[in-house]
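# Report on the structure
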Amino acid sequence: MVEILPSILSADFARLGEQIAALETAGCRMLHVDVMDGHFVPNITIGPPVVESLRKATRAILDVHLMIEDPDKYAPVFIEAGADQVSVHQEACRHLDRTLRMIRSEGAKAGVVINPGTPVATLEDVLDVADYVLIMSVNPGFGGQQFIPNALRKVRELAALRKERGLHFPIEIDGGIDLNTAPRVVAAGARILVAGNAIFGTSDPERATRELKARAMAALPVAPAR
Ligand code: DX5
Ligand code: ZN
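The structure reproduced in this document is the subject of the present report.

## Re the overall build of the protein chain
Within the protein chain, the regular secondary structure consists of eight helices and eight strands. Computed over its C-alpha atoms, the radius of gyration of the protein chain comes to 16 Å, within 12% of the 17 Å expected for a compact globule of 226 residues. Once the C-alpha set of the protein chain is aligned to its principal axes, its extents read approximately 45 × 40 × 30 Å. Looking at the protein chain residue by residue over its 226 residues, the buried ones come to 51%. Across the protein chain, contacts joining residues at least 24 apart in sequence account for 64% of those joining residues at least 6 apart. With the model as given, the accessible surface of the protein chain reaches about 10,600 Å², and the carbon-plus-sulfur share is 50%. The positive charge centre, built from 24 side chains, and the negative charge centre, built from 28, are 7 Å apart in the protein chain.

This is the structure we're talking about:
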């Protein structure tokens, strides 16, 4: 199964409730929420009050992607606001293992993220305390950027490592996902696809989501016949 996660960063914030309801109709079970602080990344987005409002407006799983300097301080605040899963950047955490365990103990799923310039090998020692791993396929900060193909190699490397270690965490990918890149990342091993511009940059986000999902699902490996 592949999940398409609309990134609300590219939504029309004045019509957020309406747009989310339409996506739920299109079968979206998860939403991606980008939190940026103007320090870790050169952009500022939303804070806990918006997550609190989203929580009241939807039953979808809220996947909060923290692109902030001090994730230890704010992860519990976002969980309290209604985040179901929280991902933190390897590059922002001094004690990554501790941070991931803390997110779990606060009652959310813990995700770890790496930037395009960070090797997969830096995650080797935390893979058993992560509920999912997010590979950035653009440099974080903005929607609508071009996909960096090196992410495909990283997804494959991570999938191989997962197999070798007998682990089962899903691989999420974020940045530049569209009808062209979606099947490629699925073939590489990603199963949770974040998409902003490819959904909200169209005149019909609901239809764009369905098309993206169909294209992604078609790239799933066929199970061997018995
Ligand atoms: C980028 C964010 C992404 C962004 C993706 O820093 O983490 O979630 O919204 O947007 P697209 O799909 O437009 O690249
Ligand atoms: Zn994101």
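## What about the site of ligand 1?
Near ligand 1 lie 20 residues; those nearest to it are D34, G141, G144, D174 and G196. Take D34: an N or O atom from its side chain is 2.8 Å from an oxygen atom of ligand 1. Contact between ligand 1 and G196: an oxygen atom at 2.8 Å from a main-chain N or O atom of the residue. For ligand 1, whose accessible area on its own is 380 Å², the fraction buried by protein is 99%. Elements represented by at least two residues in the shell around ligand 1 include exactly strand 2 (30-36), strand 3 (61-67) and strand 8 (192-195). Take the shell around ligand 1: its biggest share by element is three residues, from strand 2. Looking at the shell around ligand 1 residue by residue, the class counts come to eight nonpolar, ten polar and two charged.

## Examining the pattern of salt bridges
Applying the stated criterion to the full structure yields nine salt bridges. One salt bridge in this structure joins E211 and R207, with 3.0 Å as the shortest N-O distance. With a gap of four residues between them, E211 and R207 both fall in helix 8 (residues 205-217), about one helical turn apart. The class of E211 is partly exposed, set by a relative accessible area of 35%.

What counts, and at which threshold
- Residues numbered from 1 in each chain as written.
- Chains lettered and ligands numbered in written order.
- Predicted model: local features only at pLDDT ≥ 70, side-chain atom pairs only at ≥ 80, totals over all residues.
- Heavy atoms only, no water.
- Helix = DSSP H or I, 4+ residues; strand = E, 2+ residues; numbered from the N terminus.
- Rg over C-alpha atoms; globule rule 2.2 N^0.38 Å.
- Buried < 20%, exposed > 50% of the residue type's maximum accessible area, 1.4 Å probe, protein only.
- Contact = heavy atoms within 4.5 Å.
- Areas by Shrake-Rupley, 256 points an atom, 1.4 Å probe, with all protein chains shown as cover.
- Lys, Arg positive; Asp, Glu negative; His and termini not counted.
- Charge placed at Lys NZ, Arg CZ, Asp CG, Glu CD.
- Near = heavy atom within 4 Å.
- Polar contact = N/O pair within 3.5 Å; in protein donor to acceptor, adjacent residues only side chain to side chain.
- Nonpolar A, V, L, I, M, F, W, Y, C, P; charged D, E, K, R; others polar.
- Salt bridge = Lys/Arg side-chain N within 4 Å of Asp/Glu carboxyl O.

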